[in-house]
Every structure is written in C-alpha cells, then in structure tokens.
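# Coordinate analysis (summary)
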Amino acid sequence: MTVRRIIFVVATLAAVVLAFVPLIASERNPGVRDHHLDHALLMLLGAIAGFAAYRNDSGDESPAWVWAAVAPPIVAMLLMAPSLYAVVDTVPWLHVLDHLVFLALSMLTVYGGQRYVRGVGWASGLMLETMAVVAAFGYGVAPASVAAAAPLSVVASTHMVNGNSERGKQLFAQNCAVCHAAKGQGGVGPPLKGEASRKSVAQLEAWIKKPLPPMPTLYPKPLNDDDVTDIAAFVESMK
Ligand code: HEC
C-alpha cells in the first residue's frame, strides 16, 4: 500500500460513514447551515480521495476529462436546490443516496481535473468546496429553502379546515394539553373552547406558529407545518 492508496481508502471510508448518518441517526435534523456544512465536509473528503486516486506519474493528460471536472459541480449545485432538499431530507435512504452522489461527484471533479491537466483538480475542487460552504452561510441557496416552504403554508391557511383533526387531537394532547387541558378547558393557558368564534383557522395557525409569550413557540420544532394545520383543525372543532 502506498501512502496515496491509504489516503484514498481512509478518506473514502470516512466519507461513506458520513453519508450514512441520516440512516444511523434518523431523528437528527440539523439546520440548513449545518446540513450544508456536512455536505461540504463530505465533498472535501471526496476531493481528497479524488486527489489520492490520481497518480502523479501517470502524466497521460487528455482533453475529454475536462468534462469530468466541470459537469459534476454543476450537477452538485442543482442537487442543492431547496425544493429538492425538502423532499430528499424526509426520506433517509434517499438522503444517503444524495450524499453518495455528492461524494462521487466530488471525487470525479478533482480526479477529472487532474487527468485533464495536472493542477486543474485543485481549481475544480476549490470551486465545488466554495459552493458548498457559501451555500451554508446563506448565499443564494440556503434562504430560498425558507421561501420555498412558505407558499405551502399559505396554501394551507387559505383553505378552510383542511387539517386532520383526529391527528390534531393527539398532537394537542402531547403539546398543548399541559397548559390548555385535554379538552381545552384551560389551565395555565386560557380556555380554548369556542376558539372558532375568536380566530379563523388561518389566524389559529399563525398564532400557534408565532404565539405571544408566555405561550411557548413550538414551531418549526417540534411541530411542523402539517402538525400545526392538524392541531388548528382540532382546536377549531372544540365546543
Ligand atoms: C407552557 C404553556 C402553554 C403551552 C404548552 C401552550 N400554550 Fe397556548 N397559551 C398559553 C398562554 C399562557 C396563553 C395566553 C397568551 C396571551 O394571550 O398572552 C396561550 C394562548 C393560546 C391561544 C390564544 C387564545 C386566545 O384566544 O387569545 C391559543 C389559540 C393557544 N394558546 C393554543 C395553543 C396550542 C394549539 C398549543 C399547542 C400547540 C398551545 N397553545 C400550547 C400557554 C401555553
């Protein structure tokens, strides 16, 4: 084993382990920034493996490899699209696959660059890595994921009651009943019976997402948009 091979194996193994994190820790839900940084680290490991895979002495440069240096970063960027993230993140297996694709792309970016003309791998690797880090700090890709989620909640709140109040009942018992009591009789928090006459579904959802203290904010964690819709449907049905 040459040093180069050892580096290749270690970097690849570390990256694969990192790629499987969504399956190992299924409930882990990092914020957008940490998530992009995870991807940046994954691609850094891939880039290192890509360098290690290239043999310094091979010297057989070939023009076609330029595509392997240029196309993968473009694909990686498309894969960072917020709308895709929203889907991929909810299915652990898909998420792992997404990571493995990122890994392959970063390896190819650097290896392809080196094969094209030695040294180009540094430039193409740097480009890919910069993109991932920059995305993590909110330039372009990251804030859009918030914007992409917003229209969904607007659609939900313009409908009348479209939540599942059965499910809402359970969620209410888990998250709200401590203060408002199981049937909304009230306790630490005010009674919620007849809330329908005070607030529309949309107003209820807005309140749950952004309540005034001392009521705690339970959105976006632990409650997501669907949860809030369902809870609002249940509260609206309280008589
Ligand atoms: C830690 C206690 C606590 C928890 C948990 C809690 N609330 Fe509240 N809630 C309050 C308090 C206190 C108020 C009164 C806040 C105010 O109006 O200043 C309130 C107010 C409200 C109101 C407004 C009532 C009105 O008409 O003015 C609604 C609706 C409501 N809560 C729903 C919920 C729902 C739904 C949940 C669960 C997702 C929840 N609350 C969880 C304490 C709590």
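See above for the structure.
Along each chain, the written sequence defines residue order, and numbers are assigned to residues from 1. Owing to the predicted nature of the model, reporting of local features is limited to residues with pLDDT of at least 70; listing and counting of side-chain atom pairs is limited to 80 or more, with chain, interface and lining totals taken over all residues.

### Considering the overall build of the protein chain
Our working rule: Segments assigned H or I by DSSP are reported as helices when at least four residues long, segments assigned E as strands when at least two residues long, and all are numbered from the N terminus. In this scheme every C-beta is placed from the backbone, and a residue whose C-beta has 20 or more other C-beta atoms within 10 Å is buried, one with 12 or fewer is exposed, and one in between is partly exposed. Note that contacts rest on C-beta atoms placed from the backbone: two residues are in contact if these are within 7 Å.
From N to C terminus, the protein chain includes 12 helices and 0 strands. Across the protein chain, helices and strands are ordered from the amino to the carboxyl terminus as α-α-α-α-α-α-α-α-α-α-α-α. Classification of the 239 residues of the protein chain by burial places 33% in the buried group. Across the protein chain, every contact between residues at least 6 apart in sequence was considered, and the portion connecting residues at least 24 apart equals 77%.

### Some words on the site of the ligand
Definition in use: Using a C-beta atom placed from the backbone for every residue, we mark a residue as near a molecule or strand if that atom lies within 6 Å of it. Any residue outside Ala, Val, Leu, Ile, Met, Phe, Trp, Tyr, Cys, Pro, Asp, Glu, Lys and Arg is labelled polar, Gly included; the first ten of those are nonpolar and the last four are charged.
Taken together, 21 residues form the shell around the ligand, and within it Asn175, Cys176, Cys179, Gly189 and Met215 come nearest. For the shell around the ligand, the secondary-structure elements that each account for two or more residues are helix H10 (177-180), helix H11 (201-209) and helix H12 (225-236). Taken together, the residues that form the shell around the ligand break down as 16 nonpolar, 3 polar and 2 charged.

### Regarding the nonpolar core
Inclusion rule: By definition, a nonpolar core groups buried Ala, Val, Leu, Ile, Met, Phe, Trp, Tyr and Cys residues that connect through C-beta atoms lying within 7 Å of each other.
Counting 32 residues, the largest nonpolar core has Ala11, Ala15, Leu42, Met43, Ile48, Ala49 and Ala132 as its most contacted members. When contributions to this core are tallied by element, the ones reaching two or more residues are helix H1 (3-19), helix H3 (32-53), helix H4 (66-79), helix H6 (92-116) and helix H7 (120-136). Of all the elements, H3 adds the most residues to this core, at 9 residues. In this structure Ala132 touches His36, His39, Ala40 and Met43, once residues within four positions along its chain are discounted.

### A closer look at the packing of H6 against H7
Defined as follows: Only the contacting stretch of a helix is used when fitting its axis, a line to C-alpha atoms as for every element, and angles between N-to-C directions run 0 to 180 degrees. Here roughly perpendicular refers to angles of 65 to 115 degrees, roughly parallel to angles under 35, roughly antiparallel to angles over 145, and oblique to all remaining angles. Left-handed describes a crossing whose near helix is turned anticlockwise from the far helix by less than a right angle; the clockwise case is right-handed.
Orientation of H6 relative to H7, taken along the N-to-C sense of each, is 155°, at an axis distance of 6 Å. As judged from the angle between their axes, H6 and H7 are roughly antiparallel. The element H6 and its partner H7 pack so that their crossing is right-handed. Touching Ser106, Thr109, Val110, Tyr111, Gly113, Gln114 and Tyr116 of H6 are Val120, Gly121, Ala123, Ser124, Gly125 and Leu128, all from H7. Its residues assigned to classes, the contact of H6 with H7 comprises 6 nonpolar, 7 polar and no charged.

### As for unusual backbone geometry
Residue Pro220 is reached from Tyr219 by a cis peptide bond, and omega for that bond is 5°. With an omega of 0°, the peptide bond running from Lys221 to Pro222 counts as cis. You can see Pro222 is positioned in the loop between H11 and H12. We note that Ala181 has phi near 70°; this positive angle belongs to a residue other than glycine.

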